[in-house]
Amino acid sequence: MADGINKAILLGHLGQDPELRYTSGGQAVCNLRLATTDRWTGKDGQQNERTEWHTVVVWGKDAENCGKFLKKGRQIYIEGRIETRSWDDREGNKRKTTEIKASRVLLLGGGGGRSRDDDMEGPPPQQDRDAPPDAGDDEIPF
């Protein structure tokens with residue numbers, strides 16, 4: 001039996017364009033700002049809304065694809081794990097952040113050639129993952 005489970009599943013919209021960069025070792029890393037919004041009707045009949053912002057980190061080929069194909073406002077589905085890291089800033093202050101380390105990224109909300117239900121049923125077909133870098137919107141390799 002596992003000692004614990006650390007799994008995050010998010011469905012939301014990008015709040016800004018992805019930030020793609022490369023480590024000194026040449027590995028791609030992409031930071032995403034993802035908004036998830038809850039809406040409900042209160043006991044008084046008033047409509048309520050609360051938006052949470054998440055920092056998502058994507059590595060490798062998926063990071064490169066995020067940088068190429070994602071734009072602000074795009075709806076995406078993320079699976080990953082929650083990770084908190086600490087560091088000292090330039091002034092010597094302790095800083096801490098919590099991020100989602102993505103293991104799966106799926107495009108939703110138009111484009112991508114799949115419906116939302118198809119995307120969430122299982123991993124994309126292998127031929128989609130191996131699509132050439134200049135593939136059109138119908139063959140985005142997520």
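As a reminder, the structure under discussion sits directly above these lines.
All of the points below concern the structure found in this document. The shown structure was predicted, so the numbers you read here are calculated from the model rather than taken from an experiment.

## What about the nonpolar core?
General note: in soluble globular proteins, nonpolar side chains tend to be found buried as a group.
Argument step 1. Leu32, Val56, Val58 and Ile78 are the most contacted members of the largest nonpolar core, which has 18 residues in total.
Argument step 2. Elements with a minimum of two residues in this core: strand 1 (8–14), strand 3 (28–41), strand 4 (47–59), helix 1 (60–69), strand 5 (75–88) and strand 6 (94–108).

## Some points on the packing of aromatic side chains
Argument step 1. Within this structure, the stated rule accounts for zero aromatic pairs.
Argument step 2. The side chain of arginine 85 reaches across the aromatic face of tryptophan 87, ending 5.0 Å from its centre.

## Considering the pattern of salt bridges
A pair can form between side chains of opposite charge whenever their charged atoms are brought close.
Argument step 1. All chains considered together, the criterion is met by nine salt bridges.
Argument step 2. We note a salt bridge from arginine 85 to glutamate 99, for which the minimum N-O separation is 3.0 Å. In this pair, arginine 85 is assigned in strand 5 and glutamate 99 in strand 6, connecting sequence segments 14 residues apart.
Argument step 3. Linked through salt bridges whose partners overlap, the residues forming this network are Arg81, Glu83, Arg85, Glu99 and Lys101.

## So, the side chain of threonine 36
Argument step 1. Along the chain, threonine 36 falls in strand 3.
Argument step 2. Reaching out from threonine 36, the side chain makes a polar contact with the side chain of histidine 54 at a distance of 2.8 Å.

Calculation criteria
Residues numbered from 1 in each chain as written. Predicted model: local features only at pLDDT ≥ 70, side-chain atom pairs only at ≥ 80, totals over all residues. Heavy atoms only, no water. Core = buried A, V, L, I, M, F, W, Y, C linked by side-chain atoms within 4.5 Å. Buried < 20%, exposed > 50% of the residue type's maximum accessible area, 1.4 Å probe, protein only. Helix = DSSP H or I, 4+ residues; strand = E, 2+ residues; numbered from the N terminus. Phe/Tyr/Trp six-rings, centres within 6.5 Å; stacked < 30°, edge-to-face > 60°. Lys NZ or Arg CZ within 6 Å of the ring centre and 35° of its normal. Salt bridge = Lys/Arg side-chain N within 4 Å of Asp/Glu carboxyl O. Polar contact = N/O pair within 3.5 Å; in protein donor to acceptor, adjacent residues only side chain to side chain.

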